[in-house]
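Chain by chain, the residues:
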Amino acid sequence: MGEQNHSPGKELQHWIRTESPGKRSWHSQAYALGAVSNFMSTFLTFPIYKVVFRQQIHAVAVSEAVRQLWHEGPQYFYRGIYPPLLSKTLQGTLLFGTYDSLLYCLSPVGPHSLGHRWAAGLMSGVVEAVALSPFERVQNVLQDGRKQARFPSTFSILKEFHSYGLWGRLSLGYYRGFWPVLLRNSLGSALYFSFKDPIQDSLAEQGLPHWVPALVSGSVNGTITCLVLYPLIVLVANMQSHIGWQSMPSLWASAQDVWDTRGRKVFLIYRGGSLVILRSSVTWGITTAIHDFLQRRYRSRKELKD
């Protein structure tokens, strides 16, 4: 029980400093446990996400979004789940693994300052955006109920993208809406990693079980990040749901359209935000807790072997 009073972040920094510089196995471990935790949390929270997406596209209440999904039938309820499962698994792999690798490069022996955590988080978000934006693009088209007849499957969407030509495949196809995705992911990752350890450390000093500080830290970070970046989330969903050469407004035109269709009111921009915050809180709480738990187990086994 006495170990519960130690700061998790400081314990980790001490462990990294005492490791031989040539040993990088801990970083490879972060890739694996990030993938597992994100896969699990994505599957569990997908129903919430689908309701949220309908609100973002149609600006309807929760009850109306649920009614739409119920009317479409159970065969369409998990329509579009495969792209997010794959993309979120890759997201966890890239996010945690890239962050740890970049943090080690910036500060090999620690301690890691706020600036180091912010920079590593920002760059890991950039890598994540470049790698995963095509998955999100396909996912958003699949989940738009207005396009079920025209694009009944992932293959039909890919076929459409490949009819555009090389540049069109990127700008109008896979990377449609990339700039708001880049801004959202980089800022979101920087916020998450900047404050994850400080919040967890302060809670751990209260003598709580190991999993509680990690769970609360992830939940708080997920909530704050969603509150700050939710307008970008709505903009991305609306931009990426468009298909075709004639229905591709510019970034500014898309932002203006979202603002106008929401009656130029901030609270309507945040319609659906309550479920997004709930899903983000649960997802990042679970992810952070699993990551911390597996990390501790690996570290304990490593110390016993040494």
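One can find the structure itself at the top, above this paragraph.
Source: prediction; values computed, not measured. (Residues numbered from 1 in each chain as written. Predicted model: local features only at pLDDT ≥ 70, side-chain atom pairs only at ≥ 80, totals over all residues. Heavy atoms only, no water.)

Asks: Help me understand the environment of Ala-35, please; the structure alone is not making it clear to me.
Replies: As for its position among the elements, Ala-35 is in helix H2 (residues 25–58). In this structure the C-alpha to C-alpha distance between Ala-35 and Thr-89, which are 54 residues apart in sequence, comes to 4.6 Å. Not counting chain neighbours up to four residues away, the residues in contact with Ala-35 comprise Thr-89, Gly-92 and Thr-93. (Helix = DSSP H or I, 4+ residues; strand = E, 2+ residues; numbered from the N terminus. Contact = heavy atoms within 4.5 Å.)

Asks: Looking at this model, I keep getting lost on the pattern of salt bridges. Mind explaining?
Replies: Where charged atoms of side chains with opposite charge meet at close range, the side chains can pair. Counted according to the given criterion, the structure contains seven salt bridges. When the shortest N-O distance is used, the salt bridge between Lys-196 and Asp-197 registers 3.1 Å. On the accessibility criterion, Lys-196 (11% relative accessible area) is buried. Arg-264 is the salt-bridge partner of Asp-260, the closest N and O atoms lying 3.0 Å from each other. According to the relative accessible area criterion, Asp-260 is partly exposed, its value standing at 37%. (Salt bridge = Lys/Arg side-chain N within 4 Å of Asp/Glu carboxyl O. Buried < 20%, exposed > 50% of the residue type's maximum accessible area, 1.4 Å probe, protein only.)

Asks: It is not clear to me how the packing of aromatic side chains should be interpreted in this structure. Could you clarify?
Replies: To describe a pair of aromatic rings, you give the distance between the ring centres and the angle between the ring planes. For the structure on display, the rule yields 10 aromatic pairs. Between Tyr-175 and Phe-178, the aromatic rings sit 5.5 Å apart at their centres with planes inclined by 75°, giving edge-to-face as the arrangement. Between Tyr-192 and Trp-284, the ring centres sit 4.8 Å apart and the planes meet at 45°, which makes this aromatic pair tilted. Of this pair, Tyr-192 sits in helix H8 (residues 178–204) while Trp-284 is found in helix H12 (residues 273–305), placing the two residues 92 residues apart along the sequence. Judged by relative accessible area, Tyr-192 falls into the buried class, the value being 4%. Members of the aromatic cluster, connected to one another through ring pairs, are Phe-96, Tyr-99, Tyr-192, Phe-193 and Trp-284. (Phe/Tyr/Trp six-rings, centres within 6.5 Å; stacked < 30°, edge-to-face > 60°.)

Asks: I keep staring at helix H6 (residues 154–161) and nothing clicks. Help me out?
Replies: An α-helical segment advances 3.6 residues per turn. Residues three or four places apart therefore align on the same side. The set of residues buried in H6 consists of Ser-156, Ile-157, Glu-160 and Phe-161. One face of H6 carries all of its buried residues, which in axial projection span an arc of 140°. Projecting away from the buried face of H6 at angles above 90 degrees are the exposed residues Phe-155 and Lys-159. Packed against the buried residues of H6 are helix H5 (114–142) and helix H7 (166–174). (Arc of directions from axis to C-beta.)

Asks: Before we go on, may I ask you to explain the packing of H5 against H6 in this structure?
Replies: Helix-helix packing is characterised by the crossing angle of the two axes and by the distance between the axes. Running from amino to carboxyl end, H5 crosses H6 at an angle of 120°, the nearest separation of the two axes being 10 Å. In the packing of H5 onto H6, the handedness of the crossing is right-handed. Here Arg-137, Val-138, Val-141 and Leu-142 of H5 lie close against H6, whose contacting residues are Thr-154, Ile-157, Leu-158 and Phe-161. Split by residue class, the contact of H5 with H6 holds six nonpolar, one polar and one charged. (Axes fitted to C-alpha atoms, helices over the stretch in contact; angles between N-to-C directions. Left-handed = near helix turned anticlockwise from the far one by under 90°. Nonpolar A, V, L, I, M, F, W, Y, C, P; charged D, E, K, R; others polar.)

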